[in-house]
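Structure at a glance
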There are 2 protein chains.
Amino acid sequence: MKLRDIGEIELIKRLTKGVRLDKSVVKGIGDDTAVIKLTQNEYLLFTCDMLVEDTHFKLTKATPFQIGWKALGRNLSDIAAMGGVPRHAVVSIGVNPNIPVSFLEGIYKGIKALANKFKVNIVGGDTSRASKLVIDISLIGEVKKANLVTRGGARKGDVIFVTGALGGSIKGRHLNFMPRVETAGRLVKDFKINSMIDISDGLILDLWRILDSSRASARIYESTIPVSKDASSFEEAVTQGEDFELLFTMNTKEAKRFMKTALAKMDVPVTLIGEIMGRGYGYRLVNKDGKETRLEAKGYLHF
Amino acid sequence: MKLRDIGEIELIKRLTKGVRLDKSVVKGIGDDTAVIKLTQNEYLLFTCDMLVEDTHFKLTKATPFQIGWKALGRNLSDIAAMGGVPRHAVVSIGVNPNIPVSFLEGIYKGIKALANKFKVNIVGGDTSRASKLVIDISLIGEVKKANLVTRGGARKGDVIFVTGALGGSIKGRHLNFMPRVETAGRLVKDFKINSMIDISDGLILDLWRILDSSRASARIYESTIPVSKDASSFEEAVTQGEDFELLFTMNTKEAKRFMKTALAKMDVPVTLIGEIMGRGYGYRLVNKDGKETRLEAKGYLHF
């Protein structure tokens, strides 16, 4: 059996069966980051993200600065989705020895630009020979226990919100997106967010991940889902990957307070796109003429 | 200018110039792991290590189990060299979609075997498409402030020790070595170790790294350096990479106490191979007939 036959979700289940986890691990595999108990009220977040030439970027279409930016940005987006503050990163790079030094310096400039913006320390790394460029950054963050948001907390009646506009990221936004660290920070500081994820594999798949973790259903509305001007179609907007926007839910009361007091003052547009339903409802899209379509986990998967 | 023209040491200096480091960072780039302040008496260790097909292993010569073992083993060896206890790992894998699922399961079996032995939690990961296999593991460890050992603490008069026997790792040991976590744990618990490193790029280069960080000199003796039966020559034994043995120094008094009370009871052979000299002395090898050769940083470098 080949990887492409079983898909990424089944693969991860198989590989991680029986991994060791002691009681210091609050969340292991299966959320945007791992969560580890530090003290009574403080958790450590830990995540990694690999960027591979020709899979995540083409050398002909991305500048070194953009590659470095994207490599750290993806990790920052994961820390943001947990409600956390990014702190320390290590950077592994595999690279062809014939590459110009200035190219690698460019990658590091991109990494350092984002690191400086979000006060992340670059504390270590590893360089290796490789035929194609590969960058893997691991990032440690911190979060107060009270601010931690996972995929698993969505409850029946929750309102679903999304930041920014979706789709068409491949036209360039995937190389220079701003990770929503500040937005997430404001949200968890002032509101009770029940569940959150960053959209890396398309709205439909990533909302499915929230539903799967929360054992819940959902209804979303085509008429309200914000589609980027870069997207060629609605379907593209909800199934393409690499938006790096936040998808989150709050209960009705919190959502009303948010819309009344904060929504207009957020640093990015935030849009209400649907609601969490009870377990038996399923996963449905209400299209523009009011007809309902059943949705499945569908979006960008690597295998 | 190409990477191969400037070498790995100069490359790392260039790339990491001006990286952000705040006061929570006790040691950034330039030791076996980063060291981050957790509490008054507890430090966090953080390291990453990338393993690339055809650079670190050949698919025709290594089993999947061995590849996984080596990937985590290298990180464990780094945590050991700081005197630390390994705790949590995240695993990024880039892989061809045509690879059999059983192959990846084999890699994870190797990772899990070592993780279980050293009580490491596998808390997260990332899988990507890639043309050649690449594995990057990041590992978090913990160390009491009093037990932390860096490369920078060697002092004039220190005695230099090495564990195991060196050289010829390429014949197979590099795929099934036992990281010296337990050995290092005993050492830092009972003795004041002034400096330590794991030998990943050959004794001569890695001892040079201790001297460089400690601003010290050293004299080592060909007659006492333990050469593995797998090594074809003395030169090979001290310049080939991937021994993953510990190289460490203690002051004379501590060294005498160690040799009298503990050396014979260690879980691996430990050998006295030389001494740390004052700054002006240089870096010298005393060969078997008593002649001295000046040494330079020389060993396995990636570019």
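For the structure, see preceding data.
Residues numbered from 1 in each chain as written. Chains lettered and ligands numbered in written order. Predicted model: local features only at pLDDT ≥ 70, side-chain atom pairs only at ≥ 80, totals over all residues. Heavy atoms only, no water.

1. A closer look at the sheet that holds strand E13 (residues 292-294) of chain A
Residues and elements named next belong to chain A. Across the sheet, 7 strands lie side by side as E8-E10-E7-E11-E9-E12-E13; this open sheet has mixed pairing. The outermost strands of the open sheet, each flanked by one partner alone, are strand E8 (195-198) and E13. Strand-to-strand twist of the sheet, defined as the mean angle between neighbouring strand axes without regard to direction, takes the value 25 degrees. Strand direction decides the pairing type here: strand E7 (residues 159-163) and strand E11 (residues 270-277), joined by 5 bridges, are antiparallel. Within E11, the residue paired with Phe161 across the bridge is Leu272. Here helix H6 (residues 203-214) sits on the sheet and contacts E7, E8, strand E9 (217-221), strand E10 (246-250), E11 and strand E12 (283-286); the angle it forms with E8, its principal contact strand, is near 145 degrees. (Pairing = 2+ DSSP bridges. Helix = DSSP H or I, 4+ residues; strand = E, 2+ residues; numbered from the N terminus. Axes fitted to C-alpha atoms, helices over the stretch in contact; angles between N-to-C directions. Contact = heavy atoms within 4.5 Å.)

2. Points about the packing of helix H3 (residues 101-117) of chain A against helix H1 (residues 3-15) of chain B
Where H3(A) meets H1(B), the closest approach of the two axes is 11 Å, and the angle between their N-to-C directions is 20 degrees. As far as their axial angle goes, H1(B) and H3(A) are roughly parallel. As H3(A) runs across H1(B), the sense of the crossing is right-handed. Where H3(A) abuts H1(B), its residues Val101(A), Leu104(A), Glu105(A), Tyr108(A) and Lys112(A) lie against Leu3(B), Ile6(B), Leu11(B), Arg14(B) and Leu15(B). Partitioned by chemical class, the residues of the contact of H3(A) with H1(B) number 7 nonpolar, no polar and 3 charged. (Parallel < 35°, antiparallel > 145°, perpendicular 65-115°, else oblique. Left-handed = near helix turned anticlockwise from the far one by under 90°. Nonpolar A, V, L, I, M, F, W, Y, C, P; charged D, E, K, R; others polar.)

3. A look at the interface of chain B and chain A
Facing 76 residues of chain B, the contacting portion of chain A comprises 76 residues. Between chain B and chain A lies a buried interface of about 6200 Å² when both sides are counted; carbon and sulfur atoms form 61% of it. For the chain B face of the interface with chain A, the top three residues by lost area are Leu15(B), Arg20(B) and Arg129(B), together amounting to 12%. Counting the contacts that link chain B with chain A gives 4 salt bridges. (Buried area = accessible area lost by both parts, 1.4 Å probe. Salt bridge = Lys/Arg side-chain N within 4 Å of Asp/Glu carboxyl O.)

4. Let's talk about the relation of the copies chain B and chain A
The two copies are related by a screw motion: chain B maps onto chain A through a turn of 180 degrees and a shift of 0.0 Å along the axis, at an RMSD of 0.0 Å. Here the copies are linked by what is in effect a two-fold axis. Looking at the interface residues of chain B, 100% of them are also at the interface in chain A, so both copies use one shared face. (Least-squares fit on C-alpha atoms with pLDDT ≥ 70 in both.)

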